[in-house]
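# Summary of the model geometry
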Amino acid sequence: MGLIVQKYGGSSVADAEGMKRVANRIVAAKRDGNQVVVVVSAMGDTTDELIDLAEQITPIPSGRELDMLLTAGERISMALLAMAITNLGHEARSFTGSQAGVITTSTHGRARIIDVTPGRIQEALGEGAIAIVAGFQGISQDTKDVTTLGRGGSDTTAVALAAALDADVCEIYTDVDGVFSADPRVVPQARKLKTLTYEEMLELAASGAKILHLRCVEYARRYNLPIHVRSSFSTNEGTWVVKDHPEGADMEQAIISGIAHDKSEAKITIVGVPDRTGVAARIFQAIADADINIDMIVQNVSAAATGLTDISFTLPKSEGPDATVILQKLQGEVGFASIQYDDQIGKLSLIGAGMRSHPGVTATFFGALSTAGVNIEMISTSEIRISIICRQGDLERGVKAAHTAFELDADQSEAVIYGGSGR
Ligand code: ADP
Ligand code: ASP
Ligand code: MG
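The following refers to the structure shown. (Residues numbered from 1 in each chain as written. Chains lettered and ligands numbered in written order. Predicted model: local features only at pLDDT ≥ 70, side-chain atom pairs only at ≥ 80, totals over all residues. Heavy atoms only, no water.)

This part covers helix H10 (residues 320–334). The end-to-end C-alpha separation of H10 is 20 Å, in line with the 21 Å expected for 15 residues at 1.5 Å each. Along H10, the positions that sit buried rather than exposed are Gly320, Ala323, Thr324, Ile326, Leu327, Leu330 and Val334. Positioned one or two residues after H10, glycine 335 has a phi angle of 80 degrees, which is positive. (Helix = DSSP H or I, 4+ residues; strand = E, 2+ residues; numbered from the N terminus. Expected span 1.5 Å × (residues − 1). Buried < 20%, exposed > 50% of the residue type's maximum accessible area, 1.4 Å probe, protein only.)

Have a look at this one:
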């Protein structure tokens, strides 16, 4: 007998039919002799709709109240799913994140899990019940307020619970058959990947592929917990995210495993910055003090005549307004000319462990972008990733061109999108 943690995303439980379909799958896993813990997301686009609703009330809702509102979405799902399972003659008990022992930091909207104490889940399992847990939420250790883990955070709830319960596997059920070489909504010719290493999946998730939440992959790597990403609408084998590619897979291993794109970032350019020691430190310290995450940074060579330079950096759009206000306050002290804010950028990233041993990846990539008429505005690299910033309107064209250039296109379209609005 094994212990399985299954996570069902919003598109898998979008309506009553979906709930019943998922309930049947869960019961089948239980009938196979497993103990089953299920993590569930809010139905369909509920989280987005709740955010829209809050914005109609106030443009800047308080973090505490927004978290209270959003966590209601997962509570609706967990109760309905428990009812659907009960209807099939099996005992199911639903738990909020707090009841399941998900203890977090107190930063609303992007709290981090610091501990998981799943006593009540173990009790339910011990009594033969299926435990259903509301994803994406926890309780702050300090304030005892309800928190959320950031968009897509139910994946992280699932992996954190799987690690705490020492589960055999964590299955992430979604609306596509696994992790593909690119988002199948953008590249219909994308290929399903059999395996991915934690390292590759981390880079993909960090580069905007929302198929898995970044923290969930970090967690899985730390506990060496295998993740099986698959569709709740089919019985196809999905993608395994594991420590190493299996023996022999290296031969077929492409140089590039996947291409990710991201439209959620903005670019700030600080124009006319005095090129003096300590200026960049002053600017980025102020940004860090506000807990704002930045991604790429580019500083131009300063013009000899003026001794001035421009610094550009990217950050999540959601943090753009705060960062702009902070920089405006610094303008007098640092003495730069102006700030430009651009939220029409896109980020395109190539990821693959094979990059380490294959020169020429950059040349092929840039050649493909140039042929597709995509202008590169910023570049950053890691050992197994190359990312560029371009105009948002050019992004999808760039993704398709790079996918073809690295010979990733499947001969026959194999990517099926079973549900979801892609929102
Ligand atoms: P869920 O609601 O199940 O959590 P998400 O919408 O968060 O689902 O994630 C699934 C979606 O991720 C897919 O529908 C797909 O559009 C998108 N996606 C982005 N990159 C990839 C990729 N490389 N492989 C598969 N899906 C991807
Ligand atoms: N419902 C949350 C969201 O839409 C969490 C999740 O689905 O993982 O972001
Ligand atoms: Mg998700």
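A word on the site of ligand 1. Near ligand 1 you find 18 residues, and of these Thr174, Asp175, Phe180, Asp183 and Arg185 are the closest. Separating an oxygen atom of ligand 1 from a side-chain N or O atom of lysine 210 is a distance of 3.2 Å. Out of a free accessible area of 580 Å², ligand 1 has 89% covered by protein chains. Among the residues forming the shell around ligand 1, the class breakdown is eight nonpolar, five polar and five charged. (Near = heavy atom within 4 Å. Polar contact = N/O pair within 3.5 Å; in protein donor to acceptor, adjacent residues only side chain to side chain. Areas by Shrake-Rupley, 256 points an atom, 1.4 Å probe, with all protein chains shown as cover. Nonpolar A, V, L, I, M, F, W, Y, C, P; charged D, E, K, R; others polar.)

In summary, soluble globular proteins display a tendency toward joint burial of nonpolar side chains. In this structure, Val5, Val37, Ile121, Met201, Leu212 and Ile227 are the most contacted members of the largest nonpolar core, which totals 46 residues. The greatest single-element share of this core, amounting to six residues, is contributed by helix H5 (residues 154–164). Once residues lying within four places of it in the same chain are set aside, the contact partners of valine 37 are Leu3, Ile4, Val5, Gln6, Ile121, Leu125, Ala131, Val133, Leu161 and Leu165. In terms of nonpolar packing, the next biggest core, distinct from the first, is built from 26 residues, Ala190, Cys390, Leu395 and Leu408 among them. (Core = buried A, V, L, I, M, F, W, Y, C linked by side-chain atoms within 4.5 Å. Contact = heavy atoms within 4.5 Å.)

Turning our eyes to something else, we now look at the site of ligand 2. In the vicinity of ligand 2, the residues found are Ser41, Ala42, Thr47, Glu74, Phe136, Arg151, Gly152, Gly153 and Ser154. Residue glutamate 74 places a side-chain N or O atom 2.7 Å away from a nitrogen atom belonging to ligand 2. Between ligand 2 and the protein, one listed contact pairs an oxygen atom with a backbone N or O atom of serine 154 at 3.0 Å. Look at ligand 2: alone it shows 260 Å² of surface, and the protein chains cover 87% of it. Among the residues making up the shell around ligand 2, the classes are represented as two nonpolar, five polar and two charged.

Okay, the environment of isoleucine 292 next. Structurally, isoleucine 292 is set in the loop between helix H9 (279–289) and strand E15 (297–299). Residue isoleucine 292 is classed as buried on the basis of its relative accessible area of 8%. Taking the C-alpha atoms as reference, isoleucine 292 lies 38 Å from glycine 18; in sequence the two are 274 residues apart. Those residues in contact with isoleucine 292, other than ones at most four positions away along the chain, are Ile287, Leu315, Glu319, Asp322, Ala323 and Ile326.

The subject of this paragraph is the pattern of salt bridges. Taken as a whole and judged by the stated rule, the model has 23 salt bridges. Put simply, glutamate 91 and arginine 93 hold a salt bridge, and the shortest N to O gap is 3.0 Å. Using a relative accessible area of 40% as the deciding quantity, one classes glutamate 91 as partly exposed. As a salt-bridge pair, glutamate 265 and lysine 347 come within 3.7 Å of each other at their nearest N and O atoms. On the criterion of sequence distance, the pair formed by glutamate 265 in strand E14 (residues 265–274) and lysine 347 in strand E18 (residues 345–351) is long-range, its members being 82 residues apart. (Salt bridge = Lys/Arg side-chain N within 4 Å of Asp/Glu carboxyl O.)

Under the defined criterion, the tally for this structure stands at five aromatic pairs. The interplanar angle of 20 degrees and the centroid separation of 5.5 Å between the aromatic rings of tyrosine 219 and tyrosine 223 together place this pair among those described as stacked. Of this pair, tyrosine 219 and tyrosine 223 both sit in helix H7 (residues 214–223), four residues apart, roughly one helical turn. Since its relative accessible area comes to 10%, tyrosine 219 is described here as buried. Here the aromatic rings of phenylalanine 233 and tyrosine 418 are separated by 5.7 Å at their centres, their planes lie at 0 degrees, and the arrangement is stacked. Of this pair, phenylalanine 233 sits in the loop between strand E11 (227–231) and strand E12 (239–242) while tyrosine 418 is found in the segment after helix H12 (395–405), placing the two residues 185 residues apart along the sequence. (Phe/Tyr/Trp six-rings, centres within 6.5 Å; stacked < 30°, edge-to-face > 60°.)

Another point: the side chain of arginine 385. Looking at the secondary structure, you find arginine 385 in strand E20 (residues 385–391). Here glutamate 203 takes part through its side chain, which lies 2.8 Å from a polar atom of the side chain of arginine 385. Excluding residues that lie within four positions of it along the chain, arginine 385 makes contacts with Glu203, Ser207, Ser349, Leu350, Ile351, Met355 and Ser380.

It is worth spelling out the packing of helix H1 (residues 16–31) against helix H3 (residues 63–87) at this point. Running from N to C, H1 and H3 cross one another at 60 degrees; their axes reach a closest spacing of 9 Å. Between H1 and H3, the angle falls in the class oblique. Crossing geometry of H1 relative to H3 is assigned as right-handed. Taking contact as the criterion, the partners of Met19, Val22, Ala23, Ile26 and Val27 in H1 are, on H3, Ser77, Leu80, Leu81, Ala84 and Ile85. Looking at the contact of H1 with H3 residue by residue, the classes come out as nine nonpolar, one polar and no charged. (Axes fitted to C-alpha atoms, helices over the stretch in contact; angles between N-to-C directions. Parallel < 35°, antiparallel > 145°, perpendicular 65-115°, else oblique. Left-handed = near helix turned anticlockwise from the far one by under 90°.)

Here we take up the sheet that holds strand E16 (residues 308–316). Pairing is antiparallel in the open sheet, where four strands are placed in the order E15-E16-E14-E17. Because the sheet does not close on itself, it has two edges, and the strands there are E15 and strand E17 (338–342). Geometrically, the sheet is characterised by an average inter-axis angle of 15 degrees between neighbouring strands, direction not taken into account. (Pairing = 2+ DSSP bridges.)

A separate point is the environment of glutamate 237. Along the chain, the position of glutamate 237 falls in the loop between E11 and E12. Placed 48 residues apart in sequence, glutamate 237 and glutamine 189 show a C-alpha to C-alpha distance of 19 Å. Residues in contact with glutamate 237, not counting those within four places in the same chain, are Asp177, Lys192 and His228. Within the structure, glutamate 237 has its side chain in polar contact with the side chain of tryptophan 240 (distance 2.7 Å).

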